[in-house]
Amino acid sequence: MKISSVFGAQPWRAPEMRIAGVKRGSVVDGHIPDGDPATAWDRRKDSYRLVGTLARRSFTIVVVGTGLAGSGAATALAELGYNVHAVTFHDAPRRAHSVAAQGGINAARGRAVDGDSLARFVRDTVKGGDFRAREAEAFRLGEESVHVIDHLSAIGAPFAREYGGSLATRSFGGVQVSRTYYTRGQTGQQLMIASSGALLRQVKTGKVTLHTRCEMLELIMDDGVARGVVVRDLLTGAIEAISAHAVVIASGGYGSIYYHSTLAMGSNASALWRAHRRGAYLAHASFIQFHPTALPVVAQTQAKTTLMSESLRNDGRIWVPLHPGDTRPPQEIPEAERDYYLERMYPAFGNLCPRDIASRAATERITAGYGVGPFKNSVYLDFSDALARKGKAALAERYGNLFTMYRQVTGEDPYTVPMRIAPGAHFTMGGLWTDFDQMSSIPGLFVGGEAGWAYHGANRLGANSLLSACVDGWFTLPYSIPNYLADHLKDGLLPLNSPPVEHAVARARTRTQQLLDIGGHRAPSEFHRALGEILTRGCGVVRSRQSLEEAIDAIRKLRSEFWVDLAVPGSGAAMNQTLEKAGRVADFMELGELMCVDALDREESCGAHFRSEHQRGGEAQRDDAHWACASLWQTEGGEGRGTLCEPLEFTRHVEHLEYSAVPLAIRSYS
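Residues numbered from 1 in each chain as written. Predicted model: local features only at pLDDT ≥ 70, side-chain atom pairs only at ≥ 80, totals over all residues. Heavy atoms only, no water.

Engineer: Go over the overall build of the protein with me, naming the residues and quoting the values.
Structural biologist: Looking only at helices and strands, one finds 16 helices and 25 strands in the protein. Taking 26 Å as the expected radius of gyration for a compact globule of 670 residues, we find that the protein reaches 24 Å, a close match to that expectation. Along the first, second and third principal axes, the C-alpha set of the protein runs to 75 × 60 × 55 Å. Across the 670 residues that make up the protein, the buried fraction comes to 61%. The long-range fraction of contacts in the protein, counting pairs at least 24 apart against all pairs at least 6 apart in sequence, stands at 75%. When the accessible surface of the protein is totalled, it reaches about 24,000 Å², and 52% of it is carbon and sulfur. (Helix = DSSP H or I, 4+ residues; strand = E, 2+ residues; numbered from the N terminus. Rg over C-alpha atoms; globule rule 2.2 N^0.38 Å. Buried < 20%, exposed > 50% of the residue type's maximum accessible area, 1.4 Å probe, protein only. Contact = heavy atoms within 4.5 Å. Areas by Shrake-Rupley, 256 points an atom, 1.4 Å probe, with all protein chains shown as cover.)

Engineer: Give a detailed account of the packing of helix H13 (residues 524-538) against helix H15 (residues 577-601), specifying residues and quantitative values.
Structural biologist: Relative orientation of the contacting elements H13 and H15 amounts to 20°, with a least axis distance of 9 Å. Between H13 and H15, the interaxial angle falls into the category roughly parallel. In this structure, the crossing between H13 and H15 has a hand that is left-handed. Contacts from Pro-524, Ser-525, Phe-527, His-528, Leu-531 and Leu-535 in H13 reach Thr-578, Lys-581, Ala-582, Val-585, Phe-588, Met-589, Gly-592 and Cys-596 in H15. (Axes fitted to C-alpha atoms, helices over the stretch in contact; angles between N-to-C directions. Parallel < 35°, antiparallel > 145°, perpendicular 65-115°, else oblique. Left-handed = near helix turned anticlockwise from the far one by under 90°.)

Engineer: I'd like to hear about the sheet that holds strand E13 (residues 246-249), residue by residue, with values.
Structural biologist: Read across the open sheet, the five strands follow the order E9-E5-E4-E13-E21; overall the sheet is parallel. A single partner strand is all that each edge strand has here, and the edge strands are strand E9 (208-211) and strand E21 (445-447). Averaged over all pairs of adjacent strands, the angle between their axes in this sheet comes to 20°, without regard to strand direction. Both strand E5 (residues 83-87) and E9 contribute to a ladder of four bridges, which runs parallel. Within the sheet, the bridge partner assigned to Val-87 lies in E9 and is His-211. (Pairing = 2+ DSSP bridges.)

Engineer: Explain the environment of Glu-613 residue by residue, including any values.
Structural biologist: Mapping Glu-613 onto the fold places it in the loop between H15 and strand E22 (615-616). When the C-alpha positions of Glu-613 and Glu-603 are compared, they lie 8.5 Å apart, and in sequence the two are ten residues distant. If we ignore the near neighbours within four places in the chain, the residues touching Glu-613 are Arg-543, Ser-544 and Arg-545. Engagement of the side chain of Glu-613 in a polar contact is seen with the backbone nitrogen of Arg-545, the distance being 2.5 Å. (Polar contact = N/O pair within 3.5 Å; in protein donor to acceptor, adjacent residues only side chain to side chain.)

Engineer: Which residues make up the packing of aromatic side chains, and what values go with them?
Structural biologist: Counted by the stated rule, this structure contains 18 aromatic pairs. Ring centres of Phe-159 and Tyr-181 lie 6.4 Å apart, and the angle between their planes is 75°; this geometry places the pair in the edge-to-face category. One end of the pair, Phe-159, is in the loop between helix H4 (135-154) and strand E7 (169-170); the other, Tyr-181, is in strand E8 (residues 180-181), and 22 residues separate them in sequence. For the pair shown, Phe-159 and Tyr-181 are each scored as buried. Put simply, the rings of Trp-41, Tyr-48, Phe-436 and Tyr-479 pair up and form one aromatic cluster. Arg-140 extends its terminal NZ or CZ atom over the ring of Phe-436, reaching a point 4.6 Å from the ring centre. Note that Arg-170 overlies the ring of Tyr-182, its terminal NZ or CZ placed 3.8 Å from the centroid. (Phe/Tyr/Trp six-rings, centres within 6.5 Å; stacked < 30°, edge-to-face > 60°. Lys NZ or Arg CZ within 6 Å of the ring centre and 35° of its normal.)

Engineer: Pulling in residues and values, what's your account of the pattern of salt bridges?
Structural biologist: Scanning the model with the defined rule gives 55 salt bridges in all. Between Arg-667 and Asp-356 there is a salt bridge whose closest N-O contact spans 2.8 Å. Highlighted residues: Arg-667 in the segment after strand E25 (648-656) and Asp-356 in helix H8 (residues 355-370), separated in sequence by 311 residues. The exposure class assigned to Asp-356 is buried, which follows from its relative accessible area of 4%. One salt bridge in this structure joins Glu-580 and Arg-584, with 3.6 Å as the shortest N-O distance. Pair noted here: Glu-580 and Arg-584 are both in helix H15, with a separation of four residues, about one helical turn. Per residue, the accessibility class of Glu-580 equals that of Arg-584, and both read buried. (Salt bridge = Lys/Arg side-chain N within 4 Å of Asp/Glu carboxyl O.)

Engineer: Let's hear about the side chain of Thr-88: which residues, and what values?
Structural biologist: Here Thr-88 shows up in the loop between E5 and strand E6 (105-106). Under the relative-accessibility criterion, Thr-88 is labelled buried at 4%.

Engineer: Give a detailed account of the nonpolar core, specifying residues and quantitative values.
Structural biologist: Counting residues in hydrophobic clusters, the biggest one holds 71 residues, and the most contacted among them are Leu-219 and Ile-249. At 13 residues, the largest contribution of residues to this core is made by H15. In contact with Ile-249, other than residues within four places in its own chain, are Val-64, Met-216, Ala-271, Leu-272, Leu-432, Leu-445, Phe-446, Val-447, Gly-448 and Ala-451. Residues Ala-469, Cys-470, Tyr-484 and Ala-486 belong to the second largest nonpolar core, which totals 69 residues. (Core = buried A, V, L, I, M, F, W, Y, C linked by side-chain atoms within 4.5 Å.)

Engineer: Go over helix H1 (residues 40-47), please, and point to the residues and values.
Structural biologist: Looking only at H1, the buried set comprises Ala-40, Trp-41, Arg-44 and Lys-45. Across the axial projection of H1, the buried residues extend over an arc of 125°, all falling on one side. Buried positions along H1 lie against H4 and helix H11 (465-485). (Arc of directions from axis to C-beta.)

Engineer: Talk me through unusual backbone geometry; I want residue IDs and the actual numbers.
Structural biologist: Although it is not a glycine, Lys-376 sits at a positive phi angle of roughly 55°. Looking at the secondary structure, you find Lys-376 in the loop between H8 and strand E18 (379-382). Its relative accessible area of 35% is what places Lys-376 among the partly exposed residues. Phi is positive for Ala-463, which is not a glycine, with a value near 75°. Structurally, Ala-463 can be placed in the loop between E21 and H11.

What follows is the structure, encoded as structure tokens:
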């Protein structure tokens, strides 16, 4: 097949493997229906096999994670009549990290009369991801977005409304229309309250068994098929198995691997990484989004960064002093001596250019010496023009809770002093690879939300995160999982004393005991901080061959030190938060190396993956002839501990990405 490329029309060729010790695998089929991508989802749904209403009660499904994807899937499947186990390491489902999303949720409902449509939604999403996502899935995201808004409104999400009663919208980065539905600056929290309420209703009916304060440690495998999970009760330390006919991983992303991130301190990658180590491919590992409106790090002891919603860029203007090293307070810098660099560089989108571009531009200005604040590591987000134009009351109505949060965190009033913001590790476009039915490379293992790789390509457009999680949970997995189960009508649950279950439990117990037995001197948080510093330098907003090679060497050395000098006091027979952290950091060590290997292997720049060797005038330079594909990674090795810790072995498979509705083109926002 011939594809249009910014470098000339030429057939796609699988990229060569250029990293020593990394093996080349196969070309993988994503099982996308042939024909028009705009109708692919409808045609696939019509072809799905069904499970009769009476047969559903014989099936058990375990869902790991109770965020918007997990709670949606668990609730919908229970409503259909399946037996569901929902696992969360929180004390209540509503504490899942989906609550942290602030600005809104996109939908292609086209109600603002500003030219929006499903086709425009798909173009924005595919272009925003720099042509590294499946086109057919972008259509599914947009098509189901209308149903998502209506459904969430029906179950109690209090979306903002216009004076006449219609749902209100606003704009987000990477688009020129108003398609983002919101509840002030707490959209994720309100959607999570509505979704967790629906989940708890199913808990009360007995169709969902809720496991709080439980963390997944292992995936149960039987003859290459996922048949349940092993969890640890974080209060008692008990390690137990949950047998199931299908497993859903909806445990969120891994941006917290950078230590300083916008994610909650408890966010981790262990559920998806444990599945990966059992054979589930990991796609787009190095596609990490740095959010342009995080608060800057202001102290070495700081544990995380705080997110300010992208919605603020609707009314805030981003700038730095025109002259480097200017230490005057912002109010004393005249308009003529301010550089509104996003408006200068990207006039068509201005302050609402996509997140990867805004973060890269801010990083460039800061690195060049134009940074502001005590550590010169931030830029200004200024609302003075909006205040003069709209008044304080109007801004307080739209962003009041965000302004309050900023004042509580920094001690400064954003109504009178510009906010200081900086890029912060945020969202992971990468995750467990799934086919069009959202099943991983392991039969019976499904993935939803940020734990997966679907929809976003190399960069996520703002307000598509809440949408993708809800589409997966409420409107995709409840269709595709029954299609899989239809072939297993006579299969019973694996007995808890069967060899596959006992082997999985034994693996979990052995690994937990290994962490306890090291007897070193350094806390897991110390190793986590060190890993984050390595990744920020080597695999951050900008990467290079040299920085990535240095990062890989440093991570390997740190991982060996971890298995020699880790200190975990206490035992595994009770609540032990240091033990929890140690297991998560151990997984981060391996994942961090894979992220750098993936970034080093991909010899191009696209979206949030910006290799300094591959750019044109400071803009990302794709190589569609070789890299119009997803890299799907398999990880083996790494056994042994301490100085005997074996190296990890990686195999790269690829899935070719084709585009027909949105032809490949230069990604421009100028």
